[in-house]
Every structure is written in structure tokens, then in C-alpha cells.
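# Residue-level structure breakdown
Spelled out from the first residue to the last, the chains are:
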Amino acid sequence: MSNKQHIIDNFDPSQPGLADATIYGLPFSSEDSEIIIVPVPWEVTVSYGAGASEGPEAILEASYQVDLLHQQYPDLWKLGIYFDEAPKHWEENSAIYKALAQPIIEKLEEGEDIANFPELQSDLDKINEVCDLLHKEVEERVLYWMNKGKKVVLLGGDHSTPLGYYKALAKKYDSFGILHFDAHMDLREAYEGFTYSHASIMFNTLKIKEVKKIVQVGIRDFCEQEVATVKSSDGRVYVHTDADLKADEFEGMSWKEKCNRIIASLPEKVAISFDIDALLSWYCPNTGTPVPGGLTYEQASYLISQLANSEKQIIGMDLVEVAPGEDDWDGNVGARLLFHMCGAFAKSQGLSVGEKIEFSK
């Protein structure tokens, strides 16, 4: 009997999660886990609400209260999910350079040109450099786990954090698409002067030639430059706004039909990028840039499951912009969504997650 099987046989998944164990209270080491969560506690270029850098810790804390018997993926926990330890300087640099960014943002909001303020311009240059360094370190960390045969999920932090993750995927796959759940297109070029702004993640991702298509779902906010980027992408960016999705529903199209259309538009290999503000705001009341409207939790999880059940292959996932408030609600939603995403990822990768638990109807 393997050491991992011995652990499974002697672990009671019905008991409360072990607080001294890894995420979801699981008793596995990184070596015994199929899925590795790489936390990136980072939010340097935040321009509205703050707190996303605390998202990974909030999700970790809330995860101990998640029941491990998932209806669709009941054996998911047996695969092992391990919460990696982020280098301490990521969180430290996030705090330092976030403080440097605020005066820059304030001057821009006053209509000033940063070039007229040499000290602020110098700080802006430093911020762009340290963000670039983060993405290289994230790429290196993700590749470290991928090279060990692990399925890696990135947990932000703000939405700038997965860029190095996509570059790591590009080292492993010569062609893939991204299913992008978000209230925002995130196609702004160097938003507020920050090359690696959270609002520029998909603009920067388009520079990765291996990313053949970005299919956006739940979009409610965008600017003229972003629309121009979509229009000039020659179909490389495909947008499903929240308004269009709801109009289809109001006019008789089922969510299943809509999901089938979304999935059909994706390439064979797909990474999922999930900004929590794609959901209705009551699921994520403290996220950084909330927008009215959005998907229900069930709509989002259904689409992810349908993708896992399709002939397409999920090759990666990130969950970003979860920001805790005074209670643990945002972390709770994030932890449950992450668990579901891990199940879909594992199933799509051909790992055994058990058969869906059916109840009499």
C-alpha cells in the first residue's frame, strides 16, 4: 500500500478540516497532491477598492469549512490539493509598491501628467520593473510544479497576477485559449501608466503568441480603446457581454445552449481565468471594482463543468480579485468556487474524481 493510500484510508473527510493541514484541511504533502495552488498575494496597481492581496489567505482560512464531498466530484479530495507557500517578498513588495503607486494614481485623477513630476515618474518606472520581476518569478514557480507533473492553479491577488502563469503554460503548450470570466475586458493598454495593471492583463496576454483566442464571459464595463482592440483582433477576442447573455435568456435561449456556443468557440486546449467580479456582487461584495449585474454562482460553475465534460481540455486555471471584508463571506465563496474549479480541472485532465452523486427527483 502506498503512503498516499494509507493517508486516504485513515482520513475521515466528514470531520472538520484539519487546521494544521493544507488547504481544505487535507492531510497531503505537495508530493502526494495532484493539484498545487500557487498563491500570489499582490495588488500593487489597485485603482479602486483594495484587499485582493489578502484573497489567498482568506480563501485558505475559509477552506477548512468546506465539506469535501462535492456532488459532481466526490473523490476530488483523494487526489490531494496542496497550498504552496508564496515567497515572503511577494507580499512585502506588494505593500511597498502599492504605497508608491497611490500618489501616482491621485495625480492622474487630478488630470496631471506624471512626466511633469520626476520623482513620481521614477516611482512609476520602479513599479513597472518590480511587476515585471514578479511575473518572471511566478512563471518560474509555476514551471517548477508543472515539471513535477502537477496540475497548477494560480490564486491571486489582483488580476495582473496570472501573466507569468500564462507564459508558463506557453512553454508547455504551443496553442491554447483562455475562457475569461470577468465584469471587465481588462484590455486597457498600460492603464494609469502601469504596464502591468490589473486592467491590462488581457492586453498583455495578447502579446503571448501561443494564446490563440480569449473568450470573455460576463463583461459589463469597457472603454473605447478596449472595444477597438476587440474589433481589430480578427476574432482572437470574442466577447459575451452580460447584457447579451441575459437578452438571449429573456428571448428563450437556455443557459445550456449558450454554454455550448461558448465552448464551441474555444480552441482544443483552454485555461480558465476567473475574476470573482464576473459574479453578481452579493457573492463578492468586497471585490475591488464591483459592477451591477453578473452571473450567478450556478451559471458559472455549470459552464465550467460543461467545459470539463466536453472534448476540450482544461490545461490551467486562475482565480483572482477575491477581497475579504469584515466577515468571511468573500473567502467562503472563493474557497467553494476554487474547489469546484479544481474538480473540473482534474476531470478534464483524466484524473479520477468519482461519479456524480444523484438524488431522486
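Use the structure listed above.
Residues numbered from 1 in each chain as written. Predicted model: local features only at pLDDT ≥ 70, side-chain atom pairs only at ≥ 80, totals over all residues. Heavy atoms only, no water.

## Concerning a negative patch on the surface
Together, Glu 54, Glu 57, Glu 61, Glu 91 and Glu 92 line one region of the surface with negative charge. Its place among the elements puts Glu 91 in helix α4 (residues 88-109). With a relative accessible area of 49%, Glu 91 lands in the partly exposed category. (Patch = residues over 30% accessible without salt bridge, like charges linked within 9 Å, V, L, I, M, F, W, Y side chains within 5 Å. Areas by Shrake-Rupley, 256 points an atom, 1.4 Å probe, with all protein chains shown as cover. Salt bridge = Lys/Arg side-chain N within 4 Å of Asp/Glu carboxyl O. Lys, Arg positive; Asp, Glu negative; His and termini not counted. Charge placed at Lys NZ, Arg CZ, Asp CG, Glu CD. Helix = DSSP H or I, 4+ residues; strand = E, 2+ residues; numbered from the N terminus. Buried < 20%, exposed > 50% of the residue type's maximum accessible area, 1.4 Å probe, protein only.)

## Quick look at the packing of helix α2 (residues 55-63) against helix α12 (residues 329-348)
In a packed pair of helices, the relevant descriptors are the angle between the two axes and the axis-to-axis distance. Where α2 contacts α12, the two axes come as close as 8 Å, and the packing angle between them is 75°. Considered as vectors, α2 and α12 are oriented roughly perpendicular to each other. Contacts from Ala 58, Ile 59, Ala 62 and Ser 63 of α2 reach α12 at Gly 331, Asn 332, Gly 334, Ala 335 and Leu 338. Grouping the amino acids of the contact of α2 with α12 by side-chain chemistry returns five nonpolar, four polar and no charged. (Axes fitted to C-alpha atoms, helices over the stretch in contact; angles between N-to-C directions. Parallel < 35°, antiparallel > 145°, perpendicular 65-115°, else oblique. Contact = heavy atoms within 4.5 Å. Nonpolar A, V, L, I, M, F, W, Y, C, P; charged D, E, K, R; others polar.)

## Brief notes about the packing of aromatic side chains
Considering all chains together, one arrives at seven aromatic pairs under this definition. Between the aromatic rings of Tyr 144 and Trp 145, the centroid separation amounts to 5.0 Å while the plane-to-plane angle is 75°, which identifies the pairing as edge-to-face. Pairing Tyr 165 with Tyr 166 gives two aromatic rings, centres 6.2 Å apart and planes at 55°, and the pair type is tilted. On the accessibility criterion, Tyr 165 (0% relative accessible area) is buried. Each residue in the set Trp 282, Tyr 283 and Tyr 297 is aromatic and connected to the rest through ring pairs, giving one cluster. Of note, Lys 4 hangs over the ring of Phe 28, and the distance from its end group to the ring centre comes to 5.6 Å. (Phe/Tyr/Trp six-rings, centres within 6.5 Å; stacked < 30°, edge-to-face > 60°. Lys NZ or Arg CZ within 6 Å of the ring centre and 35° of its normal.)

## Brief notes about empty space enclosed by the protein
Inspection of the entire model under this criterion finds one cavity of 30 Å³ or more. For the largest cavity, the calculated volume is near 30 Å³. Contributing to the lining of the largest cavity are Arg 220, Asp 277, Leu 279, Ser 281, Cys 284, Thr 287, Pro 290 and Val 291. Each residue belonging to the lining of the largest cavity can be placed in one class, and the counts come to four nonpolar, two polar and two charged. (1 Å grid on protein atoms, 1.4 Å probe; cavity = no way out; pocket = protein on both sides within 12 Å on 5 of 7 lines; lining within 4 Å. Points joined across faces, edges and corners; volume = space filled by probe spheres on them.)

## Quick notes on the nonpolar core
Tyr 24, Ile 81, Leu 179, Phe 181, Phe 274, Leu 319 and Leu 338 are the most contacted members of the largest nonpolar core, which has 64 residues in total. Ranked by residues supplied to this core, first place goes to α12 with ten residues. (Core = buried A, V, L, I, M, F, W, Y, C linked by side-chain atoms within 4.5 Å.)

## Comments concerning the pairing of strand β6 (residues 237-241)
Alignment of strand β5 (residues 211-219) against β6, held across five bridges, turns out to be parallel. Paired with Val 215 across the two strands is Tyr 238, which belongs to β6. Handedness of the crossover joining β5 and β6 through helix α8 (residues 224-231) is recorded here as right-handed. (Pairing = 2+ DSSP bridges. Right-handed = clockwise from strand over helix to strand, strands pointing away.)

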